[in-house]
Amino acid sequence: MDNRLKQELTAWLEFYRELGIEDFYRRKPGSGGIHSATAPMTSTAAAPRPAASEAAKPAPSAPTPAPTIMAAAVTNVPVTLVPPTSAQALNLFEAPPPPRRATETLEEIRTDLGDCQRCKLAKTRKHIVFGEGNPHAAVVFIGEGPGADEDEQGRPFVGRAGQLLNRMLQAVGLKREEVYICNVVKCRPPGNRPPEKDEVEACSPFLFRQVAAIKPRLICCLGAPAMRTVLGVKEGITRVRGRFFDYGDAKAIVAFHPAYVLRNPREEKILREDFEKIRDFLKTSG
Ligand code: URA
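Residues numbered from 1 in each chain as written. Predicted model: local features only at pLDDT ≥ 70, side-chain atom pairs only at ≥ 80, totals over all residues. Heavy atoms only, no water.

A. Expanded view of the site of the ligand. Close to the ligand lie Gly143, Glu144, Gly145, Glu150, Pro156, Phe157, Asn183 and His257. Residue glutamate 144 places a main-chain N or O atom 2.8 Å away from an oxygen atom belonging to the ligand. In this structure, a nitrogen atom belonging to the ligand sits 2.7 Å away from a side-chain N or O atom of asparagine 183. Class assignment for the residues of the shell around the ligand results in 2 nonpolar, 4 polar and 2 charged. (Near = heavy atom within 4 Å. Polar contact = N/O pair within 3.5 Å; in protein donor to acceptor, adjacent residues only side chain to side chain. Nonpolar A, V, L, I, M, F, W, Y, C, P; charged D, E, K, R; others polar.)

Below, the structure is given as structure tokens:
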């Protein structure tokens, strides 16, 4: 391998290690599936390890095809580690794009996103919903994807689910403008269907870059799609909600999606409890 390529690869691997990601899979040229795992990075010192209670479960780094999009440094559930960005970008045997350091700003990431045409959602969206809030927020809330109101206004969580989110924030003494709010996909899936795998693959690298730029102390995954994309957790959300996970240097918590709570109002109490956990964490971890 020539030196320049080696340097590029090293820079990439360091970048992903900063995000807490240490295992990569390579797509077999010409095939749709994930083919094999490269060797993990040389140093695994920074890699969070499963908690003792999970130690007996299968190791997450086995090179099996991984159905989820990405998993970061979760320590207390079994996870499957797969690339954090599109398979094409992580096919390390094609020329990778230049590494993007975690020091880039949200503005730079937005500029890079541009008038995104990376997936089919571009054809039906009205507005890209990049995310909004404090660029140095201690907590980032991640939903699934824009709905009709968000698509109309280009802002996340402004419809009914957003109003419930606002109420929850207010209930625990958080101001909407002091947190950061975004989604797994930045364009509305038609008819509010769940985002499809290729759409999540195309869009989630921007989410991870946003999180890396903000460097929050806590990430809150609102609903199962955010939980699966960010944490790689495949357990049912009812079992996982309210639990804290390690996420690199930060923590992550899973909560019900406000839209789910609107459909199941009895769950509002549980959502509120999880927001109280968020408040308590922010008070004690600062
Ligand atoms: N639901 C989401 O997941 N995100 C939004 O922005 C709005 C509703």
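B. Here's a closer look at the packing of aromatic side chains. The full count for this structure, using the stated rule, is 3 aromatic pairs. Between phenylalanine 141 and phenylalanine 275, the aromatic rings sit 5.4 Å apart at their centres with planes inclined by 10°, giving stacked as the arrangement. Placement of the pair is phenylalanine 141 in strand 4 (residues 139-143) and phenylalanine 275 in helix 9 (residues 268-285), with a sequence separation of 134 residues. Each member of the pair phenylalanine 141 and phenylalanine 275 is classed as buried. (Phe/Tyr/Trp six-rings, centres within 6.5 Å; stacked < 30°, edge-to-face > 60°. Helix = DSSP H or I, 4+ residues; strand = E, 2+ residues; numbered from the N terminus. Buried < 20%, exposed > 50% of the residue type's maximum accessible area, 1.4 Å probe, protein only.)

C. Inspection of the pattern of salt bridges at higher detail. Enumeration over the complete set of coordinates arrives at 19 salt bridges. Across the pair arginine 176 and glutamate 132 runs a salt bridge whose closest N-O atoms are separated by 2.8 Å. Pair noted here: arginine 176 is in the loop between helix 4 (160-171) and strand 5 (180-183) and glutamate 132 is in strand 3 (residues 132-133), with a separation of 44 residues, a long-range link. Its relative accessible area of 16% is what places arginine 176 among the buried residues. What you see here is one network of salt bridges that share partners, running through Lys120, Arg193, Glu196, Asp198 and Glu199. (Salt bridge = Lys/Arg side-chain N within 4 Å of Asp/Glu carboxyl O.)

D. Broad picture of the pairing of strand 4. Summarising burial for strand 4: 5 of the 5 residues are buried, a large majority. Across the two faces of strand 4 the burial is the same, with Val139, Phe141 and Gly143 and Val140 and Ile142 all buried. As paired elements, strand 4 and strand 6 (residues 218-222) share 4 bridges and run parallel to each other. Looking at the pairing, phenylalanine 141 lines up with cysteine 220 of strand 6. (Pairing = 2+ DSSP bridges.)

E. Geometry of the nonpolar core. If you look at the biggest cluster of nonpolar residues, it comprises 63 residues, and the most contacted ones within it are Phe141, Ile142, Val230, Leu231, Phe275 and Ile278. Setting aside anything within four residues of it in sequence, one finds isoleucine 142 in contact with Cys182, Asn183, Val184, Leu207, Val211, Ile219, Cys220, Cys221, Leu222, Ala226 and Val230. (Core = buried A, V, L, I, M, F, W, Y, C linked by side-chain atoms within 4.5 Å. Contact = heavy atoms within 4.5 Å.)

F. Representation of unusual backbone geometry. Positioned with a positive phi, phenylalanine 157 is a non-glycine residue whose angle comes to about 50°. Topologically, phenylalanine 157 is positioned in the loop between helix 3 (148-153) and helix 4. Phi is positive for lysine 215, close to 55°, though the residue is something other than glycine.

G. Expanded view of helix 5 (residues 197-214). An ideal rise of 1.5 Å per residue puts 26 Å on 18 residues; helix 5 measures up with 25 Å between its terminal C-alpha atoms. The buried fraction of helix 5 is high, at 16 of 18 residues. Downstream of helix 5 by a residue or two, lysine 215 has a phi angle that is positive, lying close to 55°. (Expected span 1.5 Å × (residues − 1).)

H. The arrangement of the pairing of strand 8 (residues 250-255) in detail. For strand 8, a buried count of 5 out of 6 residues is recorded, marking the element as mostly surrounded by other parts of the structure. As paired elements, strand 6 and strand 8 share 5 bridges and run parallel to each other. From the neighbouring strand, leucine 222 faces strand 8, where its bridge partner is alanine 255. Looking at chain direction, strand 7 (residues 244-247) and strand 8 are connected through 4 bridges and run antiparallel. Residue aspartate 246 lies in a different strand from strand 8, and its bridge partner there is lysine 251. Between the end of strand 7 and the start of strand 8, which pair antiparallel, lie 2 residues, with glycine 248 showing a positive phi angle near 60°.

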